[in-house]
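The primary structure of each chain is shown beneath.
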Amino acid sequence: MAPDTLIRIQGIKRHFILGDSVVKALDGVDLDIEQGEMMCLMGPSGSGKSTLMNLLGGLDTPDEGTIVVGGRDISALDENELALYRRQMVGFVFQSFNLIPTMTALENVSFPLIFSGTAPAERKARGEELLDMVGLADRMDHKPTELSGGQQQRVAMARALANDPQILLGDEPTGNLDSKTGVEVMEMLRKLNEQGQTIVLVTHDPRVSQYTTRSIHMLDGRIIEEELAPL
Amino acid sequence: MNFRDLLRVVWSNLNRMRGRAIMTALGVVIGTAAIVVLIALASGLQESATGDATAFGPVNQITLLPGAFFRAFGAPSGGDESVLTPDIIKEIGRREGVTAITPKEQVAAPTTIKLNRLVGSGTLTGIDPLVVRDMGLEVERGADILGNWTVIVGAKVGESFVDPRERSGTQVQRNGSEEPLDLLGQTLSVSITKLGDDGKPITRTVRLRVGGVLEETGSDDYAIYMALADAEDLTSWYSGQRPDRRNDGYSQAVVVVDDTQQLLPIQRELEDDGFFAFSAQSTLQQINILFAVIQAVFGGIGAIALLVAAIGIANTMIMSILERTREIGLMKAVGATNRDVMSIFIAEAGAIGFFGGIAGVLFGIGAAKVIDVIAQAYINAQLASSGSTSSDPISIAIIPIWLPIFAIVFSLIIGLASGIYPALRAVQLDPVNALKYE
Ligand SMILES: Nc1ncnc2c1ncn2[C@@H]1O[C@H](COP(=O)(O)OP(=O)(O)OP(=O)(O)O)[C@@H](O)[C@H]1O
Ligand SMILES: [Mg+2]
């Protein structure tokens with residue numbers, strides 16, 4: 001393993017059984033992800049991008065193969081260990097933001113810290129710091145409905161960073177945004193990556209892939225092509 | 001997640017579904033209030049039935065009847081030895097924990113009791129003169145000595161004397177004053193009439209000197225205690241033969257115990273020996289058992305109401321979990337463990353039960369007080385119309401201290417329990433699907 005390899009995926013299979021047909025969402029995937037890289041998964045709909053993302057994030061477990069993250073095989077973890085893995089290692093950004101509508105921006109950002117047992121004062125300070133970083137210092141007490149889509153996604157990014165994760169995962173984070181706010185979000189992700197944050201994105205959008213250092217193309221549950229960004 | 005954060009999260013979750021939470025809690029309020037009111041009523045009844053424990057007689061005495069009496073009521077035979085012969089009475093008197101025992105024989109003959117021209121009544125009762133003190137017969141005035149036709153009368157025997165020439169039922173007032181007749185130091189004449197061998201009535205009259213008057217007890221105020229030998233003398237004369245106590249035994253005996261705590265075991269032992277035994281304590285115990293049953297039945301009615309409320313809580317929680325599916329997915333994605341998710345939903349359900357319980361207890365106490373006031377007014381009106389005045393206010397509803405605590409803890413438990421199934425459903429949600437849920 002290269003010294004900078006953060007994640008090593010080997011022989012991953014994930015099959016879904018629907019009635020008497022089997023959907024091979026992932027059908028033998030091998031992939032290494034380097035510490036500090038910003039890569040994206042591309043491919044047509046149904047090619048298995050989200051499935052791979054969910055396995056990386058510990059939301060799902062593979063039927064076969066191993067996913068070694070920071071020296072630990074997460075495919076063998078039980079539910080409780082997976083929860084701890086998600087809490088300590090992973091930050092998620094979703095296409096549809098998934099903010100809690102009754103909570104303010106600040107409460108949404110500090111929500112994950114409740115489960116890591118952070119003290120209330122510290123949660124507030126950390127939430128403010130993160131919102132400030134994504135440029136929403138003046139929107140702390142706004143509910144999601146009082147924010148634009150781009151602002152909501154920035155809140156969601158701040159939340160994903162709350163527990164200082166090793167990997168930031170984004171499943172089409174710009175999918176629900178217009179191109180201008182999409183660019184804002186991508187700029188922000190690039191800035192994070194420049195500070196050393198490992199980022200894995202799923203996207204259909206070729207413009208998103210311009211921000212990444214590596215693009216992986218998938219089809220029918222397999223990786224078909226890997227291209228490095230022109231430097 | 002620590003407990004304080006759990007409470008914080010639960011509080012804000014309940015706050016956002018406030019309307020529905022309150023509606024759901026109303027079921028608990030009604031159930032808890034029903035439990036409080038019904039048990040308060042049962043306690044009030046029990047208190048008015050057993051509040052004055054001394055009315056049931058002395059707490060350190062057991063009255064014994066021979067087993068034959070027992071069998072006369074169709075009860076299974078208690079053994080043939082259960083006859084109160086002098087030997088057996090002596091044997092019982094020597095038993096551990098028994099202070100004293102005496103036969104208790106009422107004079108088995110029609111008697112007329114007179115004081116000069118006044119006619120009175122009283123139960124002529126013979127007891128062993130040696131046990132007067134042990135039996136706790138407290139003389140208010142005079143001496144506690146029996147024998148040689150000296151007697152001790154109950155507190156109200158004096159009141160029974162009337163002048164037959166005056167209107168019937170008119171109570172005699174001595175010298176026209178309000179004082180009831182004082183029998184102390186008086187000599188009562190007691191006459192017994194029977195038919196002689198020749199068919200002609202013969203009358204025997206004895207003079208009883210009243211040596212003492214008992215304090216009012218509520219149980220033997222109309223008794224005239226005399227020495228057993230004197231009572232036996234009268235009974236023998238009337239029947240023409242001495243009763244064969246060695247074989248037939250006495251008709252009743254009173255056992256006095258050292259320690260009231262040990263009374264029930266001793267009573268039990270005597271019952272096992274085949275005697276028919278009863279005591280103030282065992283009577284109270286039976287009444288208390290009856291009321292415990294009433295309380296349980298009443299409490300059960302309230303518990304059914306709470307059970308219905310529990311179904312309501314479970315239903316509300318399931319609804320809320322459906323609505324919050326994405327949120328549950330998110331909680332899992334940001335690292336909430338199954339235990340965290342479980343705790344949150346069980347605690348939400350428990351909080352609905354808990355707050356419903358508190359409101360129900362307050363509501364129930366209020367309702368019990370209202371019932372009490374109304375009942376009190378009704379009783380007083382009844383008493384006023386019947387001409388008597390109430391001595392003590394009677395409480396219809398009494399709230400024992402354990403009741404509010406029990407009711408609140410019970411509703412909390414009901415709430416927590418009804419949260420288990422919904423919480424399990426929340427835990428079992430697959431985070432990937434939950435996050436996609438529309
Ligand atoms: N829980 C599931 N049960 C059954 N089939 C599933 C499930 N999740 C995914 N699939 C199937 O697995 C395949 C891959 O799905 P996946 O969501 O990974 O695709 P994707 O590349 O993310 O597509 P899109 O670009 O449309 O998001 C699809 O055919 C999908 O229908
Ligand atoms: Mg997808």
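The model shown is predicted, which means the values in this text are computed figures rather than measured ones. (Residues numbered from 1 in each chain as written. Chains lettered and ligands numbered in written order. Predicted model: local features only at pLDDT ≥ 70, side-chain atom pairs only at ≥ 80, totals over all residues. Heavy atoms only, no water.)

Asker: Would you take a moment to explain the sheet that holds strand β9 (residues 214-219) of chain A for this structure?
Answerer: Whether parallel or antiparallel, the strands of a sheet pair through hydrogen bonds between backbone atoms. Residue and element names in this part refer to chain A. The sheet built from six strands is open, its strands ordered β6-β7-β8-β3-β9-β10 with mixed pairing. In the strand order of this sheet, the two ends are held by β6 (90-93) and β10 (222-228), each with one partner. Here the average twist between neighbouring strands, direction ignored, is 20 degrees. (Pairing = 2+ DSSP bridges. Helix = DSSP H or I, 4+ residues; strand = E, 2+ residues; numbered from the N terminus. Axes fitted to C-alpha atoms, helices over the stretch in contact; angles between N-to-C directions.)

Asker: Looking at this structure, I do not really get the nonpolar core. What am I missing?
Answerer: Nonpolar side chains tend toward joint burial in soluble globular proteins. Ranked by internal contacts, the top residues of the largest apolar core, which has 76 residues, are Ile7, Ile9, Ile67, Phe111 and Val200 of chain A together with Phe345 of chain B. It is helix α10 (residues 338-385) of chain B that contributes the most residues to this core, nine residues altogether. Excluding residues within four positions of it along the chain, Val200 of chain A makes contact with Ile33, Met39, Leu41, Met53, Leu56, Ile167, Leu168, Leu169 and Gly170 of chain A. With 34 residues, the next largest nonpolar core counts Cys40, Val93, Met157 and Val185 of chain A among its residues. (Core = buried A, V, L, I, M, F, W, Y, C linked by side-chain atoms within 4.5 Å. Buried < 20%, exposed > 50% of the residue type's maximum accessible area, 1.4 Å probe, protein only. Contact = heavy atoms within 4.5 Å.)

Asker: Teacher, can you tell me more about the site of ligand 1 here?
Answerer: Residues and elements named next belong to chain A. For ligand 1, the set of nearby residues contains 14 residues, the closest of which are Ser45, Gly46, Lys49, Ser50 and Thr51. In this structure, Lys49 approaches ligand 1 through a side-chain N or O atom, which is 2.8 Å from an oxygen atom. For ligand 1, an oxygen atom lies 2.7 Å from a polar atom in the side chain of Ser50. With the chains in place, 69% of the 630 Å² that ligand 1 exposes on its own is no longer accessible. Looking at the shell around ligand 1, the elements with two or more residues in it are β1 (5-18), β2 (21-34) and α1 (49-56). A total of three residues in the shell around ligand 1 trace back to one element, the largest contributor, which is α1. Partitioned by chemical class, the residues of the shell around ligand 1 number five nonpolar, seven polar and two charged. (Near = heavy atom within 4 Å. Polar contact = N/O pair within 3.5 Å; in protein donor to acceptor, adjacent residues only side chain to side chain. Areas by Shrake-Rupley, 256 points an atom, 1.4 Å probe, with all protein chains shown as cover. Nonpolar A, V, L, I, M, F, W, Y, C, P; charged D, E, K, R; others polar.)

Asker: Where do I start with the domain arrangement of chain B in this structure?
Answerer: Many descriptions give the size of an interface as the accessible area lost when the pieces come together. Here the domain parsing of chain B yields domain 1 (3-53 + 286-436) and domain 2 (60-279). The C-alpha-based centres of domain 1 of chain B and domain 2 of chain B are spaced at 55 Å. (Domains from an automatic or database assignment.)

Asker: What exactly am I supposed to notice about the side chain of Arg14 of chain A here?
Answerer: Within the element layout of this structure, Arg14 of chain A appears in strand β1. A polar contact is formed between the side chain of Arg14 of chain A and the backbone oxygen of Thr61 of chain A, at a distance of 3.3 Å.

Asker: What's the story with a nonpolar patch on the surface in this structure? I'm lost.
Answerer: Side chains of Ile289, Val293, Val297 and Ile301 of chain B sit close together on the surface and give an oily, nonpolar patch of about 350 Å² of accessible area. Tracing the sequence through the fold places Ile289 of chain B in helix α8 (residues 280-323). (Patch = residues over 30% accessible without salt bridge, like charges linked within 9 Å, V, L, I, M, F, W, Y side chains within 5 Å. Salt bridge = Lys/Arg side-chain N within 4 Å of Asp/Glu carboxyl O.)

Asker: How should the packing of α10 of chain B against helix α11 (residues 402-428) of chain B be read in this particular structure?
Answerer: Relative placement of two packed helices is described by the angle separating their axes and the distance separating the axes. All names here are of chain B. In the contact formed by α10 and α11, the axes pass within 6 Å of each other and the chain directions differ by 150 degrees. One element, α10, and the other, α11, form an angle in the roughly antiparallel class. Of the two elements, α10 crosses α11, and the hand of that crossing is right-handed. When its residues are assigned to classes, the contact of α10 with α11 shows 18 nonpolar, eight polar and no charged. (Parallel < 35°, antiparallel > 145°, perpendicular 65-115°, else oblique. Left-handed = near helix turned anticlockwise from the far one by under 90°.)

Asker: Please explain the interface of chain B and chain A as it appears in this structure.
Answerer: In this complex, chain B contributes 22 residues to the contact, which on the side of chain A involves 23 residues. The junction of chain B with chain A conceals about 2,000 Å² of combined surface from both sides, 61% of it contributed by carbon and sulfur atoms. Across the contact surface, chain B and chain A share two salt bridges. One salt bridge connects Asp340 of chain B with Arg87 of chain A, and the closest N-O pair in it is separated by 3.5 Å. Inspection of the region where chain B meets chain A yields seven residue pairs in polar contact (both at pLDDT 80 or more). Per element, the largest residue contribution to the side of chain B that touches chain A is six residues, and it comes from helix α9 (residues 325-333) of chain B. Partitioned by chemical class, the residues of the side of chain B that touches chain A number eleven nonpolar, three polar and eight charged. (Buried area = accessible area lost by both parts, 1.4 Å probe.)

Asker: What am I meant to see in the pairing of β2 of chain A here?
Answerer: Sheet faces and side chains relate simply in a regular strand, where the side chains alternate between the two faces. Residue and element names in this part refer to chain A. Strand direction decides the pairing type here: β1 and β2, joined by eleven bridges, are antiparallel. Within β2, the residue paired with Leu18 across the bridge is Ser21. Here β1 folds back onto β2 in antiparallel fashion, the turn holding two residues, of which Gly19 has a positive phi close to 60 degrees.

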